[in-house]
Every structure is written in structure tokens, then in C-alpha cells.
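Listed below are the residues making up each chain.
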Amino acid sequence: MMNTATRTAAKKKTIWSTFGITTMALMTTMLIVSTYIKIPLPFSSASITAQTLVVNLIGMLFAPLQIVAIMVSWLLLSVMGIGGSLGKLLGPAGGYRYGNAVAAILIALFCRKVKNLKAQTAFLIFVGIPVIYLFGAVQMKVVTKQPWPAIMVQAVLPFIPLDVVKCFVAAGIAKILRRVVPQF
């Protein structure tokens, strides 16, 4: 039998295995692609994107340290012009990207402790999505200096229905992928 230190060392090795790094690279790529899948809203500087689905999926499948690596890679690639730009990160809708990183880590922490898929899906909806909106709305408020009611209309309310659907889709995909992607 392995003692706790041996199990921890084995787990760390598994997280940074070739398979682990490859899946992290694939998820980073999916995150970049998801920024291009968007529906512009004429009344907002933010668009409806597939990012929420991918962020939820990342949170449900990876360990927090892996998520940090995925999100830092994504943000750095954005600065370099792949899937974004420095202007977009600092612009009115840039806060969503930071919110995505925080939400994914919170989701991972929750999913490590609570294994019930229904509870995890509820967490995506009632904690993950509001965290993303909080970061997005605050940055939009700071950059545009508009009143809070206008920010709510531009940064939160139009996104809720589809984001809830994306949470259910992400949970369904995660259920399938957990058979392939080792849980860390």
C-alpha cells in the first residue's frame, strides 16, 4: 500500500504527464476557438460566446493548478493576438476573461469535493456564472463609466438564458469525458 506522501507524489506526476499536458493544451485551444464562436449584441461591447461552456468544462475536468496553467496560457496567447488582444483584455468586455479563470478554479475546487453531477451543475449556474458576470460587469463599469442599470443590461441580463443552457451542456459533456480524462 502507498503512504500519503507516495500517493501525493504519484498524483503530481499524473497531473503533469504527457497525457495531462496534452489535454490541457487541447482545452486551451478549445478556449481560444470558443472566443471566435460568438453572437455580437448591438447594444453591448460583450458578445455571446462559447467560452462559458468551455470554462465550465475545464473546471469540471481539471485540477486547480492545471486550470491556472490553462488560463495563464490563454491570457498570454490573447495578449499575443491569438484569440484576443491586449486591448480586448483591458477593454469593456475583458473582465469576463478574468472571471472565467476564477470561476473555473472555484468549479474545480467544488467538483473535487462534491461528486454529485446535479449538485455540480447547480454550482455552475449559481456560483460559476455569477462570478464570471461579476468580473465582466465590474470591468465594463470601470471602463465605460456607465450607470449600473445600463451595465446590467449590457453585461449580465442578456447572457443568463443561454449560459444556463451551456452549464447543462458542459455537465453532460463532462460526464462523458470523465471516463477518458483522469480526475486529478
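Relevant structure appears above.
Residues numbered from 1 in each chain as written. Predicted model: local features only at pLDDT ≥ 70, side-chain atom pairs only at ≥ 80, totals over all residues. Heavy atoms only, no water.

Student: Run through the side chain of Lys166, naming residues and quoting values.
Tutor: Among the structural elements, Lys166 can be located in helix H9 (residues 160-177). Classification of Lys166 as buried rests on a relative accessible area of 8%. (Helix = DSSP H or I, 4+ residues; strand = E, 2+ residues; numbered from the N terminus. Buried < 20%, exposed > 50% of the residue type's maximum accessible area, 1.4 Å probe, protein only.)

Student: Could you give an account of unusual backbone geometry, naming the residues involved and the relevant values?
Tutor: With a phi close to 60 degrees, Lys145 is a non-glycine residue in the positive phi region. Relative to the elements of secondary structure, Lys145 occurs in the loop between helix H7 (117-144) and helix H8 (148-155).

Student: Which residues make up the packing of helix H4 (residues 64-79) against helix H6 (residues 95-113), and what are the values?
Tutor: With their axes 9 Å apart at the nearest point, H4 and H6 run at an angle of 170 degrees to one another. As the angle between them shows, H4 and H6 are arranged roughly antiparallel. In this structure, H4 crosses over H6, and the sense of that crossing is right-handed. In this structure, H4 uses Pro64, Ile67, Val68, Met71, Trp74, Leu75 and Ser78 to contact H6, whose residues at the interface are Arg97, Tyr98, Asn100, Ala101, Ala104, Ile105, Ala108 and Leu109. Counted by class, the contact of H4 with H6 contains 12 nonpolar, two polar and one charged residues. (Axes fitted to C-alpha atoms, helices over the stretch in contact; angles between N-to-C directions. Parallel < 35°, antiparallel > 145°, perpendicular 65-115°, else oblique. Left-handed = near helix turned anticlockwise from the far one by under 90°. Contact = heavy atoms within 4.5 Å. Nonpolar A, V, L, I, M, F, W, Y, C, P; charged D, E, K, R; others polar.)

Student: Residue-level account of the pattern of salt bridges, with values.
Tutor: Evaluated as defined, the whole model comprises one salt bridge. A salt bridge links Lys166 to Asp163, with the shortest nitrogen-to-oxygen separation between them at 2.9 Å. Pair noted here: Lys166 and Asp163 are both in helix H9, with a separation of three residues, about one helical turn. The buried category is assigned to Asp163, whose relative accessible area is 5%. (Salt bridge = Lys/Arg side-chain N within 4 Å of Asp/Glu carboxyl O.)

Student: Now, about a nonpolar patch on the surface: what can you tell me, with residues and values included?
Tutor: A cluster of nonpolar residues, Val102, Leu106, Leu109, Leu134, Phe135, Val138, Val142, Val143 and Trp148, forms a patch on the protein surface that exposes about 730 Å² of accessible area. Among the elements that make up the nonpolar patch, the one with the highest residue count is H7 (five residues). Mapped onto the secondary structure, Trp148 falls in helix H8. Trp148 sits in the partly exposed class, given a relative accessible area of 42%. (Patch = residues over 30% accessible without salt bridge, like charges linked within 9 Å, V, L, I, M, F, W, Y side chains within 5 Å. Areas by Shrake-Rupley, 256 points an atom, 1.4 Å probe, with all protein chains shown as cover.)

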